[in-house]
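Geometric and topological summary
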Amino acid sequence: QVQLVESGGGLVQAGGSLRLSCAASGRTFSDTMAWFRQAPGKEREFVAAIRWSGGSPNYADSVKGRFAISRDNAKNTVYLQMNSLKPEDTAVYYCARSGVVGMKSPSFYDYWGQGTQVTVSS
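No experiment lies behind these values; they were computed from the predicted model shown. The written sequence of each chain sets the order in which its residues are numbered from 1. Whole-chain, interface and lining totals are the exception, using all residues; otherwise, since this is a predicted model, local features are given only for residues with pLDDT of at least 70 and side-chain atom pairs are given and counted only at 80 or more. Hydrogens are left out, water is left out, and the side-chain values use all remaining heavy atoms of the structure.

Looking at the pairing of strand E3 (residues 18–25)
In short, DSSP must find at least two bridges between two strands for them to pair. Strands are runs of DSSP state E lasting at least two residues, helices are runs of H or I lasting at least four, and both sets are numbered from the N terminus onward. The pairing of strand E1 (residues 3–7) with E3 spans five bridges and is antiparallel. Within E3, the residue paired with Gln3 across the bridge is Ser25. Looking at chain direction, E3 and strand E8 (residues 77–82) are connected through six bridges and run antiparallel. By the bridge assignment for E8, Ala23 is matched with Thr77.

Here's what the structure looks like:
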């Protein structure tokens, strides 16, 4: 059983930064961890993914160069550093786990956190 708990959301002005954290319990070494986001009235969309075992992270085109995903295996925690935030980044951000590598569809992720709200004001 995997449990995921996100933290770090909040209200920030455009151009600002936030760092989200996802504490994971019950993980396995080969798991892929990802961040998704969902804005009101929109579908949940992929943001970034990384494997506990290493390798290059994946990013959505909309966040490349602004967001960075990282992991701390010793702390069982995945981070999402968000810089140069834009109002269109406003959404609930979710941490998720998959046993499959390289997938960007939410349907491949079987464990989810409760979400954390990120609001970017203009």
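Now that the structure has been shown, we can carry on.
A few points about the side chain of Arg97
In this structure, Arg97 sits in strand E9 (residues 91–98). Summary of the burial criterion: residues with accessible area below 20% of their type's maximum are buried, those above 50% are exposed, and those between are partly exposed, where the area comes from a 1.4 Å probe applied to protein chains only. For Arg97, a relative accessible area of 14% corresponds to the buried category. Among the polar contacts listed, one links the side chain of Arg97 to the side chain of Asp110, at a separation of 2.6 Å. Beyond its immediate sequence surroundings of up to four residues, Arg97 is in contact with Val2, Leu4, Thr28, Asp31, Thr32, Met33, Tyr109, Asp110 and Tyr111. Whenever a nitrogen or oxygen atom comes within 3.5 Å of another N or O atom, the pair is scored as a polar contact, on the condition that within protein one atom can donate a hydrogen and the other can accept it, and that pairs from neighbouring residues in sequence are kept only if both atoms are in side chains. Whether two residues touch is decided by their heavy atoms; if any such pair falls within 4.5 Å, the residues are in contact.

Here we look at the pattern of salt bridges
A carboxyl oxygen of Asp or Glu within 4 Å of a side-chain nitrogen of Lys or Arg is what we treat as a salt bridge. The full count for this structure, using the stated rule, is six salt bridges. Where Arg97 meets Asp31, a salt bridge forms, and the shortest distance between an N and an O atom there is 3.0 Å. Pair noted here: Arg97 is in strand E9 and Asp31 is in the loop between E3 and strand E4 (32–38), with a separation of 66 residues, a long-range link. Given a relative accessible area of 1%, Asp31 falls into the buried group. Across the salt bridge formed by Asp89 and Arg37, the nearest N and O atoms sit 2.9 Å from each other. Here Asp89 is found in the loop between E8 and E9, whereas its partner Arg37 is found in strand E4, with 52 residues between them in sequence. By the burial criterion, Asp89 is buried, and Arg37 matches it. Overlapping salt bridges, with partners in common, bring together Arg37, Glu45, Arg66 and Asp89 in one network.

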